[in-house]
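Per-entry structural report
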Amino acid sequence: MKKGLIAIIIAIAFIMLSTDIAFMAPDTPKQQQTGDTSAVQDPVPSEMELVAENEFLAMYFNPATTEVAIKDKKSGYMWYTNPPDREQDTIATGANKGKLGSQISITYYTPTAQQQQMDNYNDSIAHNQFKVDKTNNGVKITYTIGRVQKVLVVPQAISAERFEQILSKLSDDADKNLLKRRYKLISLNDIKDEGERNEMLAKYPKLSEHDIYELRPNLNDLVMQQLDEVFKKAGCTIDDLNKDHVENNVPPKEANKDIFTIPLEYKLDGQDLIVSIDAKEIKYDTSYPLAQIRVLEFFGAGNSEMSGYMLVPDGSGAIINMNNGKNDARPYMGYLYGNDRAIRQEEVFEKGEQAYLPLFGIKHGDNALFGIIEEGSAFASIVADVSGRINSYNTACAEFMTLPNDTIDLTAMAGNNVVRVYQPRIYQGTFKIRYNFLSGQDAGYVGMAKSYREYLLNKGQLKKAENRAELPFYLELIGAIDKIKPVAGVPVRGIEPLTTYDQAIEITDKLINSGISNIKLKYTGWFNGGIRHSLPDNIKLQSQLGGKKDFDRLISFATDNGVEIYPDVSFEYAYKDKMFDGFSARSDAARFLDREVALVYDFDPATNRYDNTKEPYYIINPARINSLVSSFLEDYEGLNVSGLSLATMGNDLNSNFRENGLVDREQAKSLMVEQMEALTQKGISLMASGVNDYALPYVTHILNMPMDSSGYSITDESVPFYEIAFHGYVSYAGEAINLAGDYTRSVLKAAETGSGLYFTWIYGENSLVKDSDYNYLYSVNYEAWLGRAVELYNRMNAAFSDIQDKAIVDHQKLRQDVYKVTFEGGKSIIVNYSDAPVSIDNIIIEANNFKAFEGSNSR
């Protein structure tokens, strides 16, 4: 009997325990691998309430702290806008500790141009200065950031006549007595000491005309509040208060102006979370310009015990390992689309790769958060840092510049005086970030790249590449440059031909005869004065390169031999300003923030400065480019060319700060998109360099695609995120191999990313570019490279010709300096960057070499 009873009790206990486990499971993710200490999380905190839910995600909200948590239903993983364990942080103190509870932090300037920071925890939530509105799919919180200081209607000094009038309006004797006790009468008739009389007259000049009641000193807050209520009972207002003050030589009282109203909205959209700030709803006093907003800095922050990394869009992509201990390195700050050149920058402290893609990611073990900036990207930066600096968390987030600004040195005009100038108005759109949540095998930079690719496909901004049986061979030929040459002993800037139209045919024909058929010919410096051509509102073929018949012969040759030709043109810069050339710097050039004409110089990497020893050039007003493209097309359509290379439109993005014609950077982005769309609608195939994300839907070929990151100290590894996302959809190549600082590494990078080969050549001798502004063309004579290029192409084409329309499905680091990339269909490439051979599954990959594997033969 006892044994039976014991068995029944054990069974009941087991059932109850199982029920508890089953109940807890949805909010407790399964145990992760790879040593992830964050794998088992607590259930949803009791102070959080469910505010939105769909089949993929659930949103929880804490109405007291405005924290949000997102549950990924697929994995059960919880993502918090703020670290749930922040109270245990042993590094952060004071305001930094409070900031861990913030969702927004701002940078602004005082009227004296002093930079200040605030955040919505220390300066809003802590003072209960926020409003919550529930929405259909989420929640919207409007924060008042900056302690709102109440102005009490309590005059410091008031005339005796006014004081008596106020007393007469009060019916309660207690109120009258309160005023009489807290004010003292000052009358010159009662002051016998001459020094004291003069002192009081200096303080209150009106004492010579009437008596004054003065507020007694050192009154506590409670008494001041009581006085405020009494004066308001008598009908007094702030205006009355300040009239009394002005009359009696007391500075007027006003509310503090460093107050910022900013709305933050969370919304579930299918599998994604959308976080947005409508800039049109931002309110602030213009004497305190709002410069930057950092959004959800601690969303998905990993603590000091967590394994994982942050992905940043530095060049091809880079990862920053959590807790890497690099607290002496500067945090990562990547300005999307590079610097706005309409904002002066005399010196660059750390020149690196551009951030072309508006995204970032955070990996926690087998879960990942992936952010895409959907709106406002032209004003955005990606910021990332590791634990140990000012707190115990690893973070990645977006920061938006609300008001571009700069300093003007007026020392020459007004002594030692520097003033700060701002864009005339704040951005008028929305700052919007889309967060996607990944798990399992997709929780990494490869999964993030696939997610980004799918996102662009769904938006119709990407399409599958045509199936070509050959690897593309990108050939850039330089037609002409401008160069100072002695003429009768006098230095004169003239045209130096490097590759004529007929010579372009000769070089291309030699490539074709060598068995290379998939040639994409970029022809730079072919018209209007060479590489730095005059305004392209019309086309004048360069006479030093040949005539119209010669150019037509080049086009016919290219067409007959299946060569795609892409003449290069720059629409964003004016390299010349001569009489009757169609360009007027006064009306057509963009302006700096100080309203001066935007005249810029090329960057010199040797000095980290812009080189003012070379010829400067103008930034063209983005609003002028529409008419410029239209005029160009009128002539271009007569040349029967179906391709066009955009020298800078794909990767440079500049504002115009002209006082009565402001074009902010987001507006400039829209204008560039309009022009690229207009060109493609004309049936023109576009080639571009680098390529920011907004240009991707319009570009067929990308040159100078970043194959590496900048190698900043804070980062730990370069990853080919850009290439993983776009291989098989856009044809691309990295830098010109013959101009690469490391030829072998450049070739191996092409192998690792499945890219085409790119060479920049001229027909003439290398010496022709010596002592010119084009010294970077130091090894470009085609004869020195032709045989080597053909040999390299044949090897690369044999390995990659069959995967040109295939996406990259995986990328792995097998060991130090050894990487494996896998394409759709199973083909893989293993690249060995090391100086020694390596053995992978008993197959040797030689030092500084690569090997292709078909399907099951790969590791």
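In this text the structure is predicted, and so the values were computed from the model without any measurement.

Basis of the calculations
- Residues numbered from 1 in each chain as written.
- Predicted model: local features only at pLDDT ≥ 70, side-chain atom pairs only at ≥ 80, totals over all residues.
- Heavy atoms only, no water.
- Helix = DSSP H or I, 4+ residues; strand = E, 2+ residues; numbered from the N terminus.
- Buried < 20%, exposed > 50% of the residue type's maximum accessible area, 1.4 Å probe, protein only.
- Contact = heavy atoms within 4.5 Å.
- Phe/Tyr/Trp six-rings, centres within 6.5 Å; stacked < 30°, edge-to-face > 60°.
- Pairing = 2+ DSSP bridges.
- Axes fitted to C-alpha atoms, helices over the stretch in contact; angles between N-to-C directions.
- Patch = residues over 30% accessible without salt bridge, like charges linked within 9 Å, V, L, I, M, F, W, Y side chains within 5 Å.
- Areas by Shrake-Rupley, 256 points an atom, 1.4 Å probe, with all protein chains shown as cover.
- Salt bridge = Lys/Arg side-chain N within 4 Å of Asp/Glu carboxyl O.
- Lys, Arg positive; Asp, Glu negative; His and termini not counted.
- Charge placed at Lys NZ, Arg CZ, Asp CG, Glu CD.
- Bend = angle between axes of the 7 residues up to and from the residue.
- pLDDT = per-residue confidence, 0-100.
- Polar contact = N/O pair within 3.5 Å; in protein donor to acceptor, adjacent residues only side chain to side chain.
- Core = buried A, V, L, I, M, F, W, Y, C linked by side-chain atoms within 4.5 Å.
- Parallel < 35°, antiparallel > 145°, perpendicular 65-115°, else oblique.
- Left-handed = near helix turned anticlockwise from the far one by under 90°.
- Nonpolar A, V, L, I, M, F, W, Y, C, P; charged D, E, K, R; others polar.

1. Considerations on the overall build of the protein
Across its full length, the protein carries 17 helices and 47 strands. In terms of overall dimensions, the protein has a C-alpha envelope of 110 × 110 × 45 Å along the principal axes. Counting the 859 residues in the protein, one finds 56% classified as buried. Relative to all contacts within the protein whose residues are 6 or more apart in sequence, the contacts with residues 24 or more apart total 68%.

2. Topic: the environment of glutamine 116
Mapped onto the fold, glutamine 116 is located in strand 6 (residues 115–119). We classify glutamine 116 as partly exposed; its relative accessible area is 33%. With 38 residues separating them along the chain, glutamine 116 and valine 154 place their C-alpha atoms 31 Å apart.

3. Let's talk about the packing of aromatic side chains
All chains considered together, the criterion is met by 48 aromatic pairs. Taking the centre distance of 4.0 Å and the plane angle of 15 degrees together, the rings of phenylalanine 163 and tyrosine 213 count as stacked. Here phenylalanine 163 is found in helix 3 (residues 160–168), whereas its partner tyrosine 213 is found in strand 11 (residues 212–215), with 50 residues between them in sequence. On the accessibility criterion, phenylalanine 163 (1% relative accessible area) is buried.

4. Observations concerning the sheet that holds strand 22 (residues 395–401)
Strand order in the open sheet formed by 6 strands is 6-5-15-22-21-18, with antiparallel pairing between adjacent strands. Each end of this open sheet is capped by a strand with a single partner; those strands are strand 6 and strand 18 (332–335). Across the sheet, the axes of successive neighbouring strands diverge by a mean angle of 20 degrees, strand direction being ignored. Relative to strand 6, strand 5 (residues 104–109) runs antiparallel, the two sharing 5 bridges.

5. Quick look at the pairing of strand 41 (residues 757–761)
Taking burial as the measure, the 5 residues of strand 41 include 5 buried ones, the bulk of the element. Side chains Leu757, Phe759 and Trp761 of strand 41 all project onto a buried face; the interleaved residues Tyr758 and Thr760 project onto the opposite face, where all are buried too. The pairing of strand 26 (residues 473–478) with strand 41 spans 5 bridges and is parallel. The partner of leucine 477 across the bridge, within strand 41, is tryptophan 761.

6. Structural notes on the sheet that holds strand 44 (residues 828–832)
Taken in spatial order, the 4 strands of this open sheet run 42-43-44-47, and their pairing is antiparallel. Each of the sheet's edge strands pairs with one partner strand only, and the pair in question is strand 42 (808–815) and strand 47 (849–853). The average angle at which neighbouring strand axes cross in this sheet is 15 degrees, direction not considered. The sheet contacts of helix 16 (residues 743–753) involve strand 42, strand 43 (818–823), strand 44 and strand 47, and relative to strand 44 the element is tilted by about 155 degrees.

7. Considering a negative patch on the surface
Taken together, the side chains of Asp193, Glu194, Glu196 and Glu199 make up a negatively charged region of the molecular surface. Among the structural elements, aspartate 193 can be located in the loop between strand 10 (183–186) and helix 5 (194–203).

8. What to know about helix 17 (residues 782–800)
Taking the largest bend as the criterion, helix 17 deviates by roughly 25 degrees, centred on arginine 788. Within the sequence span of helix 17, burial applies to Tyr782, Trp785, Leu786, Ala789, Val790, Leu792, Tyr793, Met796, Asn797, Ala799 and Phe800. Buried-residue contacts for helix 17 involve strand 26, helix 10 (501–513), helix 16, strand 41, strand 44 and strand 47.

9. Some details on the pattern of salt bridges
For the structure shown, the criterion picks out 45 salt bridges. Lysine 184 serves as the salt-bridge partner of glutamate 214, at 3.9 Å between the closest nitrogen and oxygen. Of this pair, glutamate 214 sits in strand 11 while lysine 184 sits in strand 10, placing them 30 residues apart in sequence. Linking glutamate 496 and lysine 485 is a salt bridge whose minimum nitrogen-to-oxygen distance equals 3.6 Å.

10. Observations concerning the confidence of the model for the protein
The predicted model of the protein averages 91 in pLDDT, with 93% of residues at 70 or higher. Note that pLDDT drops below 50 for residues 5–40; the model gives that stretch 43 contacts with residues more than four away or on any other chain.

11. Quick look at a nonpolar patch on the surface
Nonpolar side chains collect at one region of the surface, where Val487, Val490 and Val492 lie side by side and expose about 230 Å² of accessible area between them. Checked against the element boundaries, valine 492 lands in strand 28 (residues 490–497).

12. What to know about the side chain of asparagine 832
Turning to its location among the elements, asparagine 832 is positioned in strand 44. Using a relative accessible area of 0% as the deciding quantity, one classes asparagine 832 as buried. Engagement of the side chain of asparagine 832 in a polar contact is seen with the backbone oxygen of alanine 836, the distance being 2.9 Å. Apart from residues no more than four positions distant in its own chain, asparagine 832 is found in contact with Leu748, Asp817, Val818, Pro837, Val838, Ile845, Glu846, Ala847, Asn848 and Asn849.

13. Observations regarding the nonpolar core
Residues Tyr452 and Trp761 are the most contacted members of the largest nonpolar core, which totals 188 residues. Here this core gets 10 residues from one element, more than from any other, and that element is helix 17. Those residues in contact with tyrosine 452 that sit more than four places away from it in its chain are Leu357, Pro358, Leu359, Phe370, Ile372, Asp693, Phe721, Ala725 and Phe726. Counting 23 residues, the second largest nonpolar core, distinct from the first, contains Tyr183, Phe231, Ala234 and Leu241.

14. Examining unusual backbone geometry
The phi angle at asparagine 218 is positive, at roughly 60 degrees, despite the residue not being glycine. Mapped onto the secondary structure, asparagine 218 falls in the loop between strand 11 and helix 6 (221–233). A positive phi angle is found at asparagine 842, which is not glycine, with a value near 65 degrees. Inspection of the secondary structure assignment puts asparagine 842 in the loop between strand 45 (838–840) and strand 46 (843–845).

15. Looking at the environment of glycine 365
Turning to its location among the elements, glycine 365 is positioned in the loop between strand 19 (359–364) and strand 20 (367–375). Taking the C-alpha atoms as reference points, glycine 365 and serine 439, 74 residues apart in sequence, are found 8.9 Å from one another.

16. Some thoughts on the environment of glutamate 637
Among the secondary structure elements, glutamate 637 is positioned in the loop between helix 13 (625–636) and strand 36 (643–646). A C-alpha to C-alpha distance of 24 Å links glutamate 637 and serine 670, two positions 33 residues apart in sequence.

17. Topic: the packing of helix 16 against helix 17
The geometry of a pair of packed helices is captured by two quantities: the angle between their axes and the separation between those axes. Taken N-terminus to C-terminus, the directions of helix 16 and helix 17 make an angle of 25 degrees; their axes are 11 Å apart at the nearest point. With respect to helix 17, the axis of helix 16 lies roughly parallel. As helix 16 runs across helix 17, the sense of the crossing is right-handed. Side by side, helix 16 and helix 17 meet where Tyr743, Val747, Ala750 and Ala751 of the first sit next to Trp785, Arg788, Leu792, Met796 and Phe800 of the second. Here the residues of the contact of helix 16 with helix 17 sort into 8 nonpolar, no polar and 1 charged.

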